[in-house]
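What the coordinates show
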Amino acid sequence: MIPPIEALRQPPGTPTPAASAFMADLLERIAKNRDAEAFRKLFQAYAPRVKSYMLRQGADPGLAEELAQETLMTVWRKAVLYSGTKGSATTWIFTIARNLRIDRLRREMAWQPLPESAEEEASLDPAPDEVLAERQRRDRLREVLALLPDDQREVVTLSYVEGLSHSEIAGRLELPLGTVKSRMRLAYQKIREAVEELR
Amino acid sequence: MPIQHHPDITTLMSCAAGSQPEALAAVVASHLALCAQCRAEVKKLEAIGGALFETLPEASLSSPAPLTEVRAREADGPPDLATGAAPAAAEIPYPLAARIGARFSAIRWRHIGPGLWYCPVPLSKGARGSLTLIKAGPGRELPEHGHGGEELTLLLEGSYTDVMGTFSRGDVADLDQEIEHRPVAHPEEGCICLVASETRARFKGLIARMMQPLTGL
C-alpha cells in the first residue's frame, strides 16, 4: 500500500534517513575501486526508496522493483560521473531515477541530462568550505520543505514525487492552473529565502 | 544580446522534477543549452527532489542487490560515462538538433500562408503535447495561440516583438494563458521559433487559424 502524502511530512531536524556524507563516500568507493560491498550498502539504502518513488509514479510492484534495480545498476555504471557534481548523492540518484521513469513509465524522452561537472556552480559560489556549506543547505532545505504550508507542500510533492505536470496537478486538485503555479511559486520563495540566508 | 526572457520558476521546477510533458521539456532543454543561468538554477532545483526523496517511506524489496549481474556487466566493458549533457550550442541547440538536424537550411518547411512556414518536430511514442518550429517572414504577425494548458515559445533566430517586449535567440515566452499577445516578426530578419503546447488539440487549432486567411473560412 502506498502511504498518503501526509506520511512524507516529518518534523524539522529529523536525522536524514541516508547519512549523506557516508553515501557520498560509498559512491566514491564504487567510482574508484568498483567496490561491490559499497554497492551492496548503497543498494540497501536506496533501492527501497527508489521502488517507493516508482510506485508513486504509477508502476506496479513488479515493475517498480525492476526499475529500482535498474536505477542502482545505472548508479554503478555511472558512479565516476558523480565525483564531479559535488552535490548530494541522493539528488544525483534522484535524477537517475527521474530520467529512467520518464523513459520507461512515460515512454517519453528525458530531455534533462544528469548533473555532470560542478564548474558552473563553483564559479557562481566559490565558498572555501564548500562541502560544509552544501551540507548545511541540504539540511535547511529539508527543514523548509517539512515546514511548508500543506497546500504548498502538496503541489511540490505532486510535481516531484508523483511526476504530475502542472495541468495534471490542477486536474487532480480541481484547481485552476494559475493557482497551482502560484502555490509552487510561494513554496519556491520560501525555499530560496531559507537556503540563501545561509550564504 | 544576452538572454532577457527566461522560463517561469515553476516551469524550471517542473523541469527539475521531470514532470513536464515532453513537448515543453524539449523547449526548456533547448533554452538551457543556451542559458547558463537557468542551467545552474535547475541544478539547484533538483536538490528539492533529492530532499523529498529522502523522506519517502521504504518499500520492501523481494530480491537482493544484483551483485552478480553488476559484476557480469563489469566484464562487458568500461563504465558508461554518457550524461546526455549538451555540447556547445550549434545553430539548432542540442538535443533538439538530434531530432531535426543542426541547421535551419536543412529543415523541410511547409508553407502555410504568406510569409509563414512550419515544421512539426517528432516526439517519442508516449509523448504528451506537440512541438512545432514556426518560421515567420519579415514583419509578419505570428499566428495567435495560447488559450488553454501550458505553452512555451523559444526564439531560435531573428526576433519578434509583442506587448511583453522583444524576444531574440534564447529568449522564452512563458506566458500566463490569459495574456493576449500578438508577436510581430522583426521587420528585416523575420524569426524562427520553437513552440510547445501540452495538448495536441491546441496544435490543430493553431494550424487551422494559420490557414484561415488562406481559405477564408
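The present account deals with the structure reproduced in this document.

Parameters and conventions
- Starting from 1, residues in each chain are numbered consecutively following that chain's sequence as written.
- Each chain gets a letter, beginning with A, and each ligand a number, beginning with 1, in the order they are written.
- Whole-chain, interface and lining totals are the exception, using all residues; otherwise, since this is a predicted model, local features are given only for residues with pLDDT of at least 70 and side-chain atom pairs are given and counted only at 80 or more.
- Processing note: side-chain calculations cover all non-hydrogen atoms of the structure and skip hydrogens and water entirely.
- In what follows, residue pairs with any heavy atoms lying within 4.5 Å of each other are defined as contacts.
- Two parts placed together each lose some accessible area; with a 1.4 Å probe, that loss summed over both constitutes the buried area.
- Basic side-chain nitrogens of Lys or Arg form a salt bridge, by our definition, when they fall within 4 Å of a carboxyl oxygen of Asp or Glu.
- A 3.5 Å cut-off defines polar contacts: any pair of N or O atoms within that distance qualifies, except that in protein one atom must be a possible hydrogen donor and the other a possible acceptor, and neighbouring residues in sequence count only when both atoms are side-chain atoms.
- For helices the rule is a DSSP run of H or I covering at least 4 residues; for strands it is a run of E covering at least 2, with both sets numbered from the N terminus onward.
- Polar here means any residue other than Ala, Val, Leu, Ile, Met, Phe, Trp, Tyr, Cys and Pro, which are nonpolar, and Asp, Glu, Lys and Arg, which are charged; Gly is therefore polar.
- Exposed residues in this analysis have more than 50% of their type's maximum accessible area, buried residues have under 20%, and partly exposed residues fall in between, with area computed by a 1.4 Å probe over protein chains only.
- In this analysis, axes come from line fits to C-alpha atoms, helices being fitted only over the stretch in contact, and the angle between any two N-to-C directions falls in the range 0 to 180 degrees.
- Angles below 35 degrees are treated as roughly parallel, those above 145 as roughly antiparallel, those between 65 and 115 as roughly perpendicular, and all remaining angles as oblique.
- What makes a crossing left-handed is the near helix being turned counterclockwise from the far one by less than a right angle; a clockwise turn instead makes it right-handed.
- Each aromatic pair joins two rings of Phe, Tyr and Trp (for Trp, the six-membered one) with centres within 6.5 Å, and gets the label stacked for planes under 30 degrees apart, edge-to-face for over 60, and tilted for any other angle.
- By definition, being over a ring means that NZ of Lys or CZ of Arg is both within 6 Å of the ring centre and within 35 degrees of the ring normal.
- Buriedness of a pocket was judged along seven lines, with at least five required to meet protein on both sides within 12 Å; pockets are open sets of points on a 1 Å grid over the protein atoms alone, cavities are sets where a 1.4 Å probe fits but cannot get out, and lining residues have an atom within 4 Å of a point.
- Grid points are joined across faces, edges and corners, and a volume is the space filled by probe spheres set on the points.
- Remark: nonpolar core denotes a set of buried residues (Ala, Val, Leu, Ile, Met, Phe, Trp, Tyr, Cys) joined through side-chain atoms within 4.5 Å.

Some remarks on the interface of chain B and chain A
The partner chain A presents 76 residues to the 74 residues of chain B that form the contact. Both faces combined, the contact of chain B with chain A buries some 6,900 Å², and carbon together with sulfur accounts for 61% of it. Across the contact surface, chain B and chain A share eight salt bridges. In this structure, R98 of chain A engages E46 of chain B in a salt bridge whose closest nitrogen and oxygen atoms are separated by 2.8 Å. There are 30 residue pairs in polar contact (both at pLDDT 80 or more) connecting chain B and chain A. Mapped by element, the contributors of at least two residues to the side of chain B that touches chain A are helix 1 (9–17), helix 2 (22–34), helix 3 (36–54), helix 4 (67–76) and helix 5 (96–100) of chain B. With 17 residues, helix 3 of chain B is the largest single contributor of residues to the side of chain B that touches chain A. Tallied by class, the residues present in the side of chain B that touches chain A amount to 36 nonpolar, 18 polar and 20 charged.

Side note on the pattern of salt bridges
According to the stated counting rule, one finds 24 salt bridges over all chains in the structure shown. In this structure, the salt-bridge partner of D151 of chain A is R183 of chain A, at a minimum N-O distance of 3.6 Å. Pair noted here: D151 of chain A is in helix 7 (residues 150–160) and R183 of chain A is in helix 9 (residues 177–196), with a separation of 32 residues, a long-range link. In this structure, E168 of chain A and R128 of chain B form a salt bridge, with 3.2 Å as the shortest nitrogen-oxygen distance. Pair noted here: E168 of chain A is in helix 8 (residues 166–173) and R128 of chain B is in the loop between strand 2 (116–120) and strand 3 (130–136), and the two residues belong to different chains. Given the relative accessible area of 27%, E168 of chain A is considered partly exposed. Taken together, the shared-partner salt bridges in this structure form one network comprising R106, E108 and E168 of chain A together with R128 of chain B.

Observations concerning the packing of helix 1 (residues 20–33) of chain A against helix 2 (residues 36–56) of chain A
Relative placement of two packed helices is described by the angle separating their axes and the distance separating the axes. Residue and element names in this part refer to chain A. Where helix 1 meets helix 2, the closest approach of the two axes is 9 Å, and the angle between their N-to-C directions is 140°. When the axis of helix 1 is compared with that of helix 2, the two are oblique. In this structure, helix 1 crosses over helix 2, and the sense of that crossing is left-handed. Counted together, F22, M23, L26, L27, R29 and I30 of helix 1 and A38, F39, K41, L42, A45 and Y46 of helix 2 form the full contact between these two elements.

Examining the packing of aromatic side chains
Considering all chains together, one arrives at eight aromatic pairs over all chains under this definition. Both rings, one in Y160 of chain B and one in F167 of chain B, keep their centres 5.3 Å apart while their planes meet at 40°; by these two values the pair is tilted. Of the two residues examined, Y160 of chain B and F167 of chain B, each falls in the buried class. Ring pairs connect the aromatic residues Y53, F94 and Y160 of chain A together with F53 of chain B, which therefore count as one cluster. For the cation-ring pair, R34 of chain A lies above W76 of chain A, with the distance from its terminal atom to the ring centre recorded as 4.5 Å. Here the basic side chain of K135 of chain B rests over the ring of W117 of chain B, its NZ or CZ set 5.3 Å away from the ring centre.

Topic: empty space enclosed by the protein
Enumeration over the complete set of coordinates arrives at three cavities of 30 Å³ or more. Within this model, the largest cavity holds a volume of roughly 120 Å³. Elements that contribute at least two residues to the lining of the largest cavity include exactly helix 4 (89–104) of chain A together with helix 2 of chain B. Among the residues forming the lining of the largest cavity, the class breakdown is seven nonpolar, five polar and six charged.

Quick look at the nonpolar core
In this structure, V156 and Y160 of chain A together with I48 and L133 of chain B are the most contacted members of the largest nonpolar core, which totals 101 residues. The element best represented in this core is helix 2 of chain A, accounting for eleven residues. Discounting residues that sit within four places of it in the chain, I48 of chain B has contacts with L141, L145, V156, Y160 and I191 of chain A together with M13 of chain B. With 15 residues, the next largest nonpolar core counts I112, I134, A185 and C191 of chain B among its residues.

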